[in-house]
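A look at the structure
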Amino acid sequence: KPECSAEPDPNDANATWSCKTLGPRSWGLATKGYPSIYCVTLFMPSSYEGPLLKKQLEMNAGIFSCDGFDLFAAEPCTLGKTKDGVLAQATLIPKIQVGRSQDGTAG
């Protein structure tokens, strides 16, 4: 409704309507900022990347400053909880055989 009114709403028969303010107006689901951003990372916990992400978690930096995130790794890894109380745990993905790249930099 554009204005607060105690009149019955034809869509819900006024079953849940109230003129009481519940909080500030927002732009949808964004809770950390507007516009919101969702971040994803694939990392190797047993390399330098594991401790690096753990430090970022402690500092609420990098991927953990995004409005939402997912972690993916080929090894089980739980980094801890964010300042918002979200468990930072990697979703397991299968390890695959990787060949050598033509320039010799991957594999």
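Take the packing of aromatic side chains next. This structure, assessed with the given rule, holds one aromatic pair. Plain terms: the ring middles of Phe 64 and Phe 69 are 5.1 Å apart, the flat faces sit at 80° to each other, and that makes the pair edge-to-face. Judged on exposure class, the residue Phe 64 and its partner Phe 69 are both buried.

With respect to the helices and strands, the residue Thr 82 is situated in the loop between β3 (78-81) and β4 (87-89). Setting aside anything within four residues of it in sequence, one finds Thr 82 in contact with Leu 57, Phe 64 and Phe 69.

Residues of strand β1 (residues 38-42) alternate between two faces, with Cys 39 and Thr 41 buried on one and Tyr 38, Val 40 and Leu 42 left unburied on the opposite face. In terms of strand pairing, β1 meets strand β2 (residues 68-73) through five bridges, oriented parallel. For Thr 41, the partnering residue across the bridge sits in β2 and is Leu 71.

Look at any regular strand and the pattern is simple: side chains alternate between the two faces of the sheet. Between the parallel pair β1 and β2, the chain is carried across by helix α1 (residues 49-59), and the sense of this crossover is right-handed. In this structure, β2 lies alongside strand β5 (residues 91-92), joined through two bridges in parallel fashion. Looking across to β5, one finds that Phe 72 is bridged to Thr 91.

Quick look at the nonpolar core now. Counting 14 residues, the largest nonpolar core has Phe 43, Ile 63, Phe 64, Leu 71, Leu 79 and Ala 88 as the members making the most contacts within it. Among the elements that make up this core, the one with the highest residue count is β2 (three residues). In contact with Leu 79, other than residues within four places in its own chain, are Phe 43, Gly 50, Leu 53, Lys 54, Leu 57, Phe 64, Leu 71 and Ala 88.

Structurally, Glu 75 is set in the loop between β2 and β3. In this structure, the C-alpha to C-alpha distance between Glu 75 and Pro 94, residues 19 residues apart in sequence, is 8.6 Å. The residues touching Glu 75, leaving out its near neighbours within four places in the chain, are Pro 45, Ser 46, Leu 92 and Lys 95. There is a polar contact of 2.8 Å between the side chain of Glu 75 and the side chain of Ser 46.

As enumerated under the stated definition, the model contains one disulfide in all. Here Cys 39 engages in a disulfide with Cys 66; their sulfurs sit 1.8 Å apart. Residues Cys 39 and Cys 66 are joined through a disulfide that is left-handed, its torsion about the S-S bond being -75°. Remark: Cys 66 occurs in the loop between α1 and β2 and Cys 39 occurs in strand β1; sequence separation between them is 27 residues. Assigned by exposure class, Cys 39 and Cys 66 land together as buried.

Rules behind the numbers
Residues numbered from 1 in each chain as written. Predicted model: local features only at pLDDT ≥ 70, side-chain atom pairs only at ≥ 80, totals over all residues. Heavy atoms only, no water. Phe/Tyr/Trp six-rings, centres within 6.5 Å; stacked < 30°, edge-to-face > 60°. Buried < 20%, exposed > 50% of the residue type's maximum accessible area, 1.4 Å probe, protein only. Helix = DSSP H or I, 4+ residues; strand = E, 2+ residues; numbered from the N terminus. Contact = heavy atoms within 4.5 Å. Pairing = 2+ DSSP bridges. Right-handed = clockwise from strand over helix to strand, strands pointing away. Core = buried A, V, L, I, M, F, W, Y, C linked by side-chain atoms within 4.5 Å. Polar contact = N/O pair within 3.5 Å; in protein donor to acceptor, adjacent residues only side chain to side chain. Disulfide = S-S within 2.5 Å.

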